[in-house]
Amino acid sequence: MECFENLNIRATGLKKLKIRKYIYSVKEYPTDISHTSLSICCPNLETLEMSGGLYGKYYLSNFSSLTHAILGYYYLRIFDNTCGLIGEKLCQILPAIQHVENLTFSASCVQEVVVSLRTNLPSPFPNVKFLKLHFDEIKLDDMINLLGIFPSLRMLVIEERTTSGSSPEFNIKKFLEFEINVSNSFLRQLKTVHITSRFSDSSIFQVIALLLKHASMLEKLVVWAEWGKRGPPAFPFKVANVLLNMPRSSPTAMVIINPK
């Protein structure tokens, strides 16, 4: 569904809805979206995907059947104010989808949720079992706060979009020497992790170390490594050596590394 202004969707039989506000050119995109709105009332809706440009106001109700939610909103580099806008609009959206079981966040949405968690008490997503995160770069503390609001998580997919940066120095003590305080239930139900990364800085190593160290029920961690033409020829082997030698709290956890 392509649209710009106001949408009012009411359909009792609708089960899947995908809304993407396309932006064809800078001239066509309004600098003021306060007059736009999106209203959805679909009691039997199971899957909701929203992406592209933002609406000024969101009115989301009667989502009792919703199990899958995909939020693909992104920062628009042509408008600096979209950074704050996404966070503002997420405050209207997230309460309506907090009961879902499958959730996907774009990199911009991840960043705004992380910023919110730094200043506010986290609002948990108690039923989420599958979580997919796109991100450019994320600090270890922010990842801990983010994963902490998903107590029932079973499968985690992380896709890192970073394309810049040089190969990090491989000092395994540097990657693993960090102290954190987490609850006993942190990542307790996590069983499967898939990570796609270029390994352009040490933060992704710390995230992987965190998952292996605290996911006591972990069965499989699959890494899709995008080597490209970066780094020296030995770069992939050094990465593999670091990952395969990380401590694991789960005695049955497998670490699988695949080139992509």
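Residues numbered from 1 in each chain as written. Predicted model: local features only at pLDDT ≥ 70, side-chain atom pairs only at ≥ 80, totals over all residues. Heavy atoms only, no water.

### As for unusual backbone geometry
The backbone phi angle of N62 is positive, close to 55°, even though this residue is not glycine. Position of N62 relative to the elements: it lies in the loop between β5 (57-61) and β6 (68-73). Of note, L187 is a non-glycine position whose phi angle comes to about 60°, a positive value. In this fold, L187 is placed in the loop between α4 (172-176) and β10 (192-197). Its relative accessible area of 8% is what places L187 among the buried residues. (Helix = DSSP H or I, 4+ residues; strand = E, 2+ residues; numbered from the N terminus. Buried < 20%, exposed > 50% of the residue type's maximum accessible area, 1.4 Å probe, protein only.)

### Structural notes on the side chain of S51
Along the chain, S51 falls in strand β4 (residues 47-52). Take S51: its relative accessible area is 10%, and that puts it in the buried class. Each residue touching S51, except ones within four places of it in the same chain, is listed here: I19, R20, K21, G72 and Y73. (Contact = heavy atoms within 4.5 Å.)

### Overview of the pattern of salt bridges
Following the criterion strictly, the structure yields 3 salt bridges and no others. Between E159 and K132 there is a salt bridge, with its nearest N and O atoms 3.6 Å apart. Placement of the pair is E159 in strand β9 (residues 155-160) and K132 in strand β8 (residues 130-135), with a sequence separation of 27 residues. By relative accessible area, which is 25% here, E159 ends up partly exposed. Across the pair E226 and R198 runs a salt bridge whose closest N-O atoms are separated by 3.8 Å. Of this pair, E226 sits in the loop between β11 (220-225) and α6 (235-244) while R198 sits in the loop between β10 and α5 (203-214), and the two are 28 residues apart along the sequence. With relative accessibility at 21%, the residue E226 sits in the partly exposed group. (Salt bridge = Lys/Arg side-chain N within 4 Å of Asp/Glu carboxyl O.)

### Regarding the packing of aromatic side chains
With the rule as written, the count across this model stands at 4 aromatic pairs. Relative to F205, the ring of F199 has its centre 5.2 Å away and its plane inclined at 50°; by these criteria the two rings are tilted. With relative accessibility at 0%, the residue F199 sits in the buried group. Under the relative-accessibility criterion, F205 is labelled buried at 0%. Taken together, Y55, Y58 and Y73 form an aromatic cluster joined through their ring pairs. (Phe/Tyr/Trp six-rings, centres within 6.5 Å; stacked < 30°, edge-to-face > 60°.)

### Structural notes on helix α2 (residues 107-119)
In this model α2 runs 19 Å from its N-terminal to its C-terminal C-alpha over 13 residues, within 8% of the 18 Å that 1.5 Å per residue would give. Turning to α2, its buried residues are A107, S108, C109, V110, E112, V113, V114 and L117. (Expected span 1.5 Å × (residues − 1).)

### So, the environment of F199
Mapped onto the secondary structure, F199 falls in the loop between β10 and α5. Considered as a pair, F199 and E160 are 39 residues apart in the sequence and their alpha carbons are 8.8 Å apart.

### Remarks on the sheet that holds strand β3 (residues 37-41)
The strands making up a sheet are joined through hydrogen bonds of the backbone, oriented either antiparallel or parallel. Ordered by their spatial adjacency, 3 strands build an open sheet running β1-β3-β5, and the pairing between neighbours is parallel. Looking at the sheet topology across the chains shown, the edges are occupied by β1 (6-10) and β5. Taking each pair of neighbouring strands and ignoring which way they run, the sheet shows an average axis angle of 0°. Direction of pairing for β3 relative to β5: parallel, over a ladder of 5 bridges. Along β5, the bridge assignment pairs S37 with K57. (Pairing = 2+ DSSP bridges. Axes fitted to C-alpha atoms, helices over the stretch in contact; angles between N-to-C directions.)

### Concerning the pairing of β3
Along β3, 5 of the 5 residues are buried, which leaves the element largely enclosed by surrounding structure. Side chains S37, S39 and C41 of β3 all project onto a buried face; the interleaved residues L38 and I40 project onto the opposite face, where all are buried too. Pairing analysis gives 5 bridges linking β1 to β3, with the strands arranged parallel. Of the residues in β3, the one forming a bridge with I9 is I40.

### A look at the packing of helix α3 (residues 140-147) against α5
In the contact formed by α3 and α5, the axes pass within 9 Å of each other and the chain directions differ by 40°. Here α3 lies oblique to α5, going by the angle between them. For the pair α3 and α5, the crossing hand works out as right-handed. On α5, the residues that touch L140, M143, I144 and L147 of α3 are Q206, V207, L210 and L211. For the contact of α3 with α5, the class distribution of residues is 7 nonpolar, 1 polar and no charged. (Parallel < 35°, antiparallel > 145°, perpendicular 65-115°, else oblique. Left-handed = near helix turned anticlockwise from the far one by under 90°. Nonpolar A, V, L, I, M, F, W, Y, C, P; charged D, E, K, R; others polar.)

Worth remembering: the numbers are spatial, not functional.
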